[in-house]
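Single-letter residue listing:
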Amino acid sequence: MGNPLFAKKPMAMLLAESKEVGEHSLKRTLGPFQLTALGVGAIIGAGIFVLSGLGAHYAGPGLMLSFVLSGLGCAFAELCYAEFAAMIPLAGSAYTYAYATLGELFAWIIGWDLTLEYAMGASTVSSGWSNHFIELLNIFHIKMPLWLAYDHWTGLATAEKIVAKEMARTANPSLVPGTQAFLDKVSAIVGAHSPELAQRAHDLVNAPRIFGMEIGFNLPAFLIALVITAILVIGIRESARFNATIVVVKVAVVLFVIGLGIRYVNFANWGSDWHSFAPMGFSGIGAGAAYIFFAYIGFDAVSTTAQEAKNPQRDLPIGIIVSLLVCTALYILVAGVLTGMVHWQDVNIEAPIARAFMDRGLSTASHVITIGALAGLTSVMLVMLLGQTRVLYSMANDGLLPRKFFAAVHPKFRTPYKNTMAVGLLAAIVGSVTPIDDIGKMVNIGTLLAFVIVCIAVMVLRNTNPEQPRPFRTPLVPFVPVLGILFNGYMMYKLGWVNWARLIIWLIIGLVVYFTYGRHHSRVSNPELRGE
């Protein structure tokens with residue numbers, strides 16, 4: 001008998017599970033439109049409305065090529081996902097594919113890694129949703145107390161920034177808010193840590209105390225995570241309908257941005273030669289691609305719904321590929337409009353697109369963009385929480401997590417309701433009490449690792465099981481998977497050693513869980529447990 005750590009899940013066992021029906025299986029209700037909408041729902045979020053500003057300061061007008069570069073890295077991985085999704089139509093995404101090709105230990109690592117992408121990603125997004133919701137309230141002149149709008153640390157940092165902006169305007173009235181010079185001045189004031197700044201910030205937060213400690217609780221983030229969780233528990237069809245409605249709203253907002261913004265494009269802002277188009281060269285375009293990669297995260301979540309697709313062999317590749325193509329085209333157009341409306345050095349970093357319209361006196365358009373970002377984040381959270389629950393469902397079915405809890409299916413709604421409620425509550429708590437800027441960067445590196453492993457797995461399975469029917473075949477193997485490894489590996493490298501260290505620590509924690517529980521309860525390594 002081989003090493004149980006590298007036991008592979010037999011293809012016959014996978015295919016048998018994909019055909020299961022009854023009250024303990026998931027409900028097959030999704031067609032190609034719903035799957036494509038789930039992909040678009042996961043991809044278009046605040047990334048395009050926020051990160052494009054940071055990317056522009058590295059890539060200049062070459063930001064359009066940064067979106068192409070990030071999109072290509074995703075496209076190569078996506079073609080590999082599509083082959084697996086059609087061949088092994090099971091919930092679990094990259095976790096399931098790794099189990100079939102690389103063995104149990106690698107499957108566990110990727111499953112644990114996907115938790116980093118989905119659950120922590122949902123927490124990050126819930127906090128971002130809260131920020132845009134507060135902006136929406138500000139439009140109607142409704143103010144929330146800072147201690148109820150943010151976690152304690154973020155609330156205090158926000159108060160310091162508000163006070164620092166007031167101090168910067170007072171010290172130098174000629175500075176224009178949102179410009180790099182203004183932001184540099186604000187950063188300098190915050191960095192000085194003056195007693196006046198600290199005292200004014202504490203006064204502004206005005207937080208209540210428990211046992212002498214100031215508290216902060218991001219109430220909007222907590223509530224939206226619970227609302228999304230309730231929708232997911234009720235059923236996949238209802239979740240898909242809700243998501244499709246939100247997707248229509250946010251795609252309409254993106255098209256509105258492109259259609260209105262193109263009228264204000266100054267072609268001189270794009271430059272007249274390569275140097276003015278890409279002021280920091282290809283290195284700047286590469287750095288821009290790594291930073292805006294978060295704007296693409298999510299298309300892989302389509303593959304986690306494989307057991308809920310009506311015709312997964314045909315529809316999953318359509319959903320994965322079409323959603324990425326649509327979003328890449330929209331992103332490139334938005335990047336072109338942004339860098340055409342505003343010279344790249346003057347692009348606002350905090351709210352680049354909304355500010356570009358505000359500077360043209362188009363305040364209503366700016367409000368529409370805020371609503372679009374809010375809608376975008378709502379559907380991103382829904383798909384991330386959906387993806388997480390389906391990965392845990394698959395891992396529990398294989399015995400690597402407690403099956404009675406994580407794989408329990410509601411008799412009426414036919415959803416994994418216990419694990420959905422647990423994941424939703426976790427995301428709500430983490431998003432409401434934790435400053436999660438760094439978790440967002442961990443989400444990037446965790447996702448890129450999943451992409452690399454799927455690209456490797458396609459090449460492995462082509463060699464170990466060449467006769468297996470493949471309704472969709474990744475073209476030009478090994479060329480496309482190798483390019484996927486190189487592109488996504490390059491973006492991992494660009495994220496720096498700190499994020500590598502965090503990823504390694506997270507994976508070590510996962511290995512402790514595997515060796516203390518998963519290894520001993522695995523239904524693949526321990527055939528006597530399969531009847532449970």
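Predicted model only: the values in this text are computed from it and were never measured. (Residues numbered from 1 in each chain as written. Predicted model: local features only at pLDDT ≥ 70, side-chain atom pairs only at ≥ 80, totals over all residues. Heavy atoms only, no water.)

Draft legend 1. View of the overall build of the protein. Of regular secondary structure, the protein possesses 22 helices and two strands. On C-alpha atoms alone, the protein measures out to a radius of gyration of 23 Å, which is about the 24 Å that the 2.2 N^0.38 rule sets for 532 residues. In terms of principal-axis extent, the alpha carbons of the protein reach across some 75 × 60 × 40 Å. For the protein, the proportion of contacts with a sequence separation of at least 24, taken over those separated by at least 6, is 83%. With an accessible surface of roughly 21,200 Å², the protein has 68% of that area assigned to carbon and sulfur atoms. (Helix = DSSP H or I, 4+ residues; strand = E, 2+ residues; numbered from the N terminus. Rg over C-alpha atoms; globule rule 2.2 N^0.38 Å. Contact = heavy atoms within 4.5 Å. Areas by Shrake-Rupley, 256 points an atom, 1.4 Å probe, with all protein chains shown as cover.)

Draft legend 2. Expanded view of the environment of Met280. Along the chain, Met280 falls in the loop between α13 (274–277) and α14 (281–292). For Met280, a relative accessible area of 42% translates into the label partly exposed. In the structure, Met280 is positioned 222 residues away from Tyr58 in sequence and 6.8 Å away in space, judged by C-alpha atoms. (Buried < 20%, exposed > 50% of the residue type's maximum accessible area, 1.4 Å probe, protein only.)

Draft legend 3. Highlighting helix α17 (residues 363–397). In a regular helix each residue adds 1.5 Å, so 35 residues correspond to 51 Å; α17 covers 52 Å between its end C-alpha atoms and thus fits that length. Counted residue by residue, α17 has 30 buried out of 35 residues, so it is predominantly covered. Looking one or two places after α17, you find Gly399, whose phi comes out positive at around 90°. (Expected span 1.5 Å × (residues − 1).)

Draft legend 4. Just the nonpolar core, in detail. In this structure, Ile44, Phe67, Tyr81, Phe84, Ile88 and Phe357 are the most contacted members of the largest nonpolar core, which totals 140 residues. In terms of residues, this core owes the most to one element, α17, which gives 17 residues. Apart from residues lying up to four places away in sequence, Ile88 is in contact with Met11, Leu14, Thr96, Tyr97 and Ala100. (Core = buried A, V, L, I, M, F, W, Y, C linked by side-chain atoms within 4.5 Å.)

Draft legend 5. Molecular detail of the confidence of the model for the protein. Taken as a whole, the protein shows an average pLDDT of 82; of its residues, 92% reach a score of 70 or greater. Per-element averaging of pLDDT across the protein places helix α1 (residues 11–18) at the bottom with 69 and helix α11 (residues 219–234) at the top with 91. (pLDDT = per-residue confidence, 0-100.)

Draft legend 6. Representation of the side chain of Glu78 in the model. Structurally, Glu78 is set in helix α4 (residues 63–87). Buried within the structure, Glu78 lacks any salt-bridge partner; Arg462 is the closest side chain of opposite charge, at an N-O distance of 14 Å. With near-sequence residues (within four places) excluded, Glu78 lies in contact with Phe299, Ile320, Ile321 and Leu324. (Lys, Arg positive; Asp, Glu negative; His and termini not counted. Salt bridge = Lys/Arg side-chain N within 4 Å of Asp/Glu carboxyl O.)

Draft legend 7. Fine view of α11. With 16 residues, α11 should cover 22 Å at 1.5 Å per step; its first-to-last C-alpha distance of 23 Å lies within 8% of that length. Along α11, the residues that are buried comprise Pro220, Ala221, Phe222, Ile224, Ala225, Ile228, Thr229, Ile231, Leu232 and Val233. Residues of α11 that are buried in the fold lie against α6 (104–139), α7 (146–149), α12 (236–261), α17 and α19 (417–433). The distance from a side-chain oxygen at the start of α11 to the backbone nitrogen of Ala221 is 3.1 Å, and the residue carrying that oxygen is Asn218. (Polar contact = N/O pair within 3.5 Å; in protein donor to acceptor, adjacent residues only side chain to side chain.)

Draft legend 8. Layout of the pattern of salt bridges. Within this structure, the stated rule accounts for six salt bridges. Residues Glu83 and Arg470 are paired through a salt bridge, measuring 2.9 Å at the closest nitrogen-oxygen approach. Pair noted here: Glu83 is in helix α4 and Arg470 is in the loop between α20 (437–464) and α21 (479–494), with a separation of 387 residues, a long-range link. A salt bridge links Arg209 to Glu214; the nearest nitrogen and oxygen atoms lie 3.5 Å apart. Residues participating in the shared-partner salt-bridge network are Glu83, Arg462 and Arg470.

Draft legend 9. Focus on the packing of α4 against helix α15 (residues 312–341). It is the contact of α4 with α15, at a shortest axis distance of 10 Å, that shows an interaxial angle of 175°. Regarding the angle of α4 to α15, the classification is roughly antiparallel. Residue composition of the contact of α4 with α15, grouped by class: 21 nonpolar, five polar and one charged. (Axes fitted to C-alpha atoms, helices over the stretch in contact; angles between N-to-C directions. Parallel < 35°, antiparallel > 145°, perpendicular 65-115°, else oblique. Nonpolar A, V, L, I, M, F, W, Y, C, P; charged D, E, K, R; others polar.)

Draft legend 10. Structural detail: the packing of aromatic side chains. Following the criterion strictly, the structure yields 15 aromatic pairs and no others. Taken together, a centroid distance of 5.0 Å and an interplanar angle of 25° make the contact between Trp112 and Trp506 stacked. Pair noted here: Trp112 is in helix α6 and Trp506 is in helix α22 (residues 497–521), with a separation of 394 residues, a long-range link. Just as Trp112 is buried, Trp506 falls in that class too. Ring plane angle 75° and centroid distance 5.3 Å describe the contact between Phe267 and Trp270, whose orientation is recorded as edge-to-face. Look at Phe267 and you get exposed, because its relative accessible area is 58%. An aromatic cluster is built from Trp108, Trp112, Trp506, Tyr514 and Phe515, whose rings are joined through pairwise contacts. (Phe/Tyr/Trp six-rings, centres within 6.5 Å; stacked < 30°, edge-to-face > 60°.)

Draft legend 11. Up close: the packing of α12 against α17. With their axes 9 Å apart at the nearest point, α12 and α17 run at an angle of 145° to one another. In this structure, α12 meets α17 at a crossing whose hand is left-handed. (Left-handed = near helix turned anticlockwise from the far one by under 90°.)

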